[in-house]
Amino acid sequence: KGNVLAKTGSLPNNGVHALSGYVRCKGGKMIAFSILFNKSRKGRWDIRRVEEKIVLAVYRYGEEAAGLARRIK
């Protein structure tokens, strides 16, 4: 709580859902993210649960993943 600043968006009749924003990771670094679902057959609450899991993973491992990406370049 308090580490995510994000905005939702949807076109529910088309199965389009989105969540984009920023996460302040455990180590303090701010990371931008965008999660998009297109033509999803899942309900809004199922999609929210998946989005929450993804954002939590970014919070926990985002800085580590960003560091790996920099070393690969």
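What you see is a predicted model, and the numbers here were worked out from it, not measured in a lab. (Residues numbered from 1 in each chain as written. Predicted model: local features only at pLDDT ≥ 70, side-chain atom pairs only at ≥ 80, totals over all residues. Heavy atoms only, no water.)

Enquirer: Explain a nonpolar patch on the surface to me, please; I cannot follow it from the model alone.
Expert: On the surface, a cluster of nonpolar side chains totalling about 340 Å² of accessible area is made up of L5, Y22 and M30. Along the chain, L5 turns up in strand β1 (residues 4–11). (Patch = residues over 30% accessible without salt bridge, like charges linked within 9 Å, V, L, I, M, F, W, Y side chains within 5 Å. Areas by Shrake-Rupley, 256 points an atom, 1.4 Å probe, with all protein chains shown as cover. Salt bridge = Lys/Arg side-chain N within 4 Å of Asp/Glu carboxyl O. Helix = DSSP H or I, 4+ residues; strand = E, 2+ residues; numbered from the N terminus.)

Enquirer: In this structure, what is going on with the pairing of strand β3 (residues 30–37)? I would like to understand it.
Expert: Both faces of the sheet carry side chains from a regular strand, because those side chains alternate between them. Of the two faces of β3, the one lined by I31, F33, I35 and F37 is fully buried and the one lined by M30, A32, S34 and L36 carries no buried residue. Across 8 bridges, strand β2 (residues 16–24) lies against β3 in antiparallel orientation. What sits directly across from V23, in β3, is I31. Joining the antiparallel neighbours β2 and β3 is a turn of 5 residues, in which G28 adopts a positive phi near 105 degrees. (Buried < 20%, exposed > 50% of the residue type's maximum accessible area, 1.4 Å probe, protein only. Pairing = 2+ DSSP bridges.)

Enquirer: So what exactly am I meant to see when it comes to the pattern of salt bridges here?
Expert: Proximity of charged atoms lets side chains of opposite charge pair with each other. Counting across every chain of the model gives 1 salt bridge. With its nearest N and O atoms 2.3 Å apart, the salt bridge here joins R49 to D46. With R49 and D46 both in helix α1 (residues 44–72) and 3 residues apart, this pair spans about one turn of that helix.

Enquirer: Just checking my understanding: could you explain unusual backbone geometry for this structure?
Expert: Apart from glycine, the bulk of residues carry a negative phi angle, and the bulk of peptide bonds sit in the trans form. Phi angles above zero are rare outside glycine, and K39 is one such case at about 55 degrees. If you trace the backbone, K39 turns up in the loop between β3 and α1. Residue classification places K39 among the exposed positions, given a relative accessible area of 67%.

Enquirer: How should I be thinking about the environment of A57 in this particular structure?
Expert: With respect to the helices, strands and loops of the structure, A57 is situated in helix α1. We classify A57 as partly exposed; its relative accessible area is 34%. When the C-alpha positions of A57 and C25 are compared, they lie 9.4 Å apart, and in sequence the two are 32 residues distant.

Enquirer: Would you mind going over the environment of G21 with me for this structure?
Expert: Turning to its location among the elements, G21 is positioned in strand β2. Taking C-alpha positions, G21 is 6.5 Å from S34, a pair spaced 13 residues apart along the chain. Those residues in contact with G21 that lie beyond four places of it in its chain are L5, A6, I31, A32 and F33. (Contact = heavy atoms within 4.5 Å.)

Enquirer: Looking at this structure, how should I read the sheet that holds β3?
Expert: Where strands meet in a sheet, backbone hydrogen bonds hold them as pairs that are either parallel or antiparallel. An order of β1-β2-β3 is seen for the 3 strands of this open sheet, with the pairing classed as antiparallel. Of all strands in the sheet, those with a lone pairing partner are β1 and β3, marking the two edges. Pairs of neighbouring strands in the sheet enclose a mean axial angle of 10 degrees, with direction left out of account. (Axes fitted to C-alpha atoms, helices over the stretch in contact; angles between N-to-C directions.)

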